[in-house]
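Take a look at the letters that make up each chain.
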Amino acid sequence: MKNPAVVLPDATKGIQTIYKAMFQGGAAPRILELVHLRASQINGCSACVFSGVQGAKKHGETDERLHAVAAWREAPFFTDEERAALELTEAATRIADRTGRAVPDEVWDAAADHFDEEQLSAIILMIALTNFFNRINATIEEPAGTTW
């Protein structure tokens with residue numbers, strides 16, 4: 001099956017509007033791309049991992065850092081700001097793995113130390129849209145490298 005966002009043109013328009021707003025939210029595009037890549041890795045979406053690497057490279061990411069995203073906690077390549085965004089990504093993506101609050105206070109506090117409300121909104125939208133596309137792509141078995 002084709003991607004439902006392509007089959008239903010109004011869905012594509014709405015998604016494009018959200019992406020436009022998200023990239024105008026003040027969060028660095030490189031951080032948004034790291035967030036996209038990490039959520040896609042967690043969800044095992046090969047199509048989004050593939051596109052995430054391409055998008056990150058367009059925004060100046062290096063192979064060294066991209067290879068380390070899955071192990072960002074142990075890798076020395078990431079700033080405190082990036083680590084806060086990646087930790088928020090993991091918490092928001094792995095909601096079912098938690099009891100209690102989906103995003104613990106310490107994760108929120110770390111993110112709020114580095115990002116204002118608009119930037120956090122952009123990051124949260126990237127997390128949500130990535131999870132949205134990960135689920136669509138897993139359902140329809142979208143192969144890596146597919147463009148639509």
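The structure this text deals with has already been given above.
Predicted model, so just to flag it, every value in this text is computed and none were measured.

A. The pattern of salt bridges, seen in detail. A full pass over the atoms with the stated rule returns 9 salt bridges. Here Glu 61 and Arg 65 are joined by a salt bridge, their closest N and O atoms 2.7 Å apart. Of the residues examined, Glu 61 reaches a relative accessible area of 5% and is grouped as buried. For Arg 65, a relative accessible area of 9% corresponds to the buried category.

B. Quick look at the packing of aromatic side chains. As enumerated under the stated definition, the model contains 2 aromatic pairs in all. Between the aromatic rings of Tyr 19 and Phe 23, the centroid separation amounts to 6.5 Å while the plane-to-plane angle is 15°, which identifies the pairing as stacked. Here Phe 23 and Tyr 19 lie together in helix α2 (residues 9–23), a separation of 4 residues that amounts to about one turn. Judged by its relative accessible area of 32%, Phe 23 is partly exposed. Considering the side-chain rings of Phe 132 and Phe 133, the 5.1 Å spacing of their centres and the 80° angle between planes classify their relative orientation as edge-to-face. The exposure class of Phe 133 is buried, given its relative accessible area of 6%.

C. Just the packing of helix α6 (residues 80–93) against helix α8 (residues 117–140), in detail. Where α6 contacts α8, the two axes come as close as 10 Å, and the packing angle between them is 45°. Between α6 and α8, the interaxial angle falls into the category oblique. Crossing geometry of α6 relative to α8 is assigned as right-handed. The segment α6 lies against α8, with Ala 85, Leu 88, Thr 89, Ala 92 and Thr 93 engaging Leu 120, Ile 123, Ile 124, Ile 127, Asn 131 and Arg 135. The class makeup of the residues in the contact of α6 with α8 is 7 nonpolar, 3 polar and 1 charged.

D. Expanded view of the state of the cysteines. This structure, assessed with the given rule, holds 0 disulfides. Not engaged in a disulfide, the cysteine Cys 45 finds its nearest cysteine sulfur in Cys 48; these two sulfurs lie 3.5 Å apart. Accessibility expressed as a relative area gives 5% for Cys 48, which makes it buried.

E. Representation of helix α4 (residues 46–58) in the model. When the terminal C-alpha atoms of α4 are compared, their 19 Å separation across 13 residues agrees well with the 18 Å that a helix rising 1.5 Å per residue should span. For α4, the complete set of buried residues consists of Ala 47, Cys 48, Gly 52, Gly 55 and Ala 56. Angularly, the buried residues of α4 cover 150° about the axis, an arc narrow enough to put them on a single face. Buried residues belonging to α4 abut α3 (29–43), α5 (63–68) and α8. Looking one or two places after α4, you find Gly 60, whose phi comes out positive at around 95°.

The rules behind these values
- Residues numbered from 1 in each chain as written.
- Predicted model: local features only at pLDDT ≥ 70, side-chain atom pairs only at ≥ 80, totals over all residues.
- Heavy atoms only, no water.
- Salt bridge = Lys/Arg side-chain N within 4 Å of Asp/Glu carboxyl O.
- Buried < 20%, exposed > 50% of the residue type's maximum accessible area, 1.4 Å probe, protein only.
- Phe/Tyr/Trp six-rings, centres within 6.5 Å; stacked < 30°, edge-to-face > 60°.
- Helix = DSSP H or I, 4+ residues; strand = E, 2+ residues; numbered from the N terminus.
- Axes fitted to C-alpha atoms, helices over the stretch in contact; angles between N-to-C directions.
- Parallel < 35°, antiparallel > 145°, perpendicular 65-115°, else oblique.
- Left-handed = near helix turned anticlockwise from the far one by under 90°.
- Contact = heavy atoms within 4.5 Å.
- Nonpolar A, V, L, I, M, F, W, Y, C, P; charged D, E, K, R; others polar.
- Disulfide = S-S within 2.5 Å.
- Expected span 1.5 Å × (residues − 1).
- Arc of directions from axis to C-beta.

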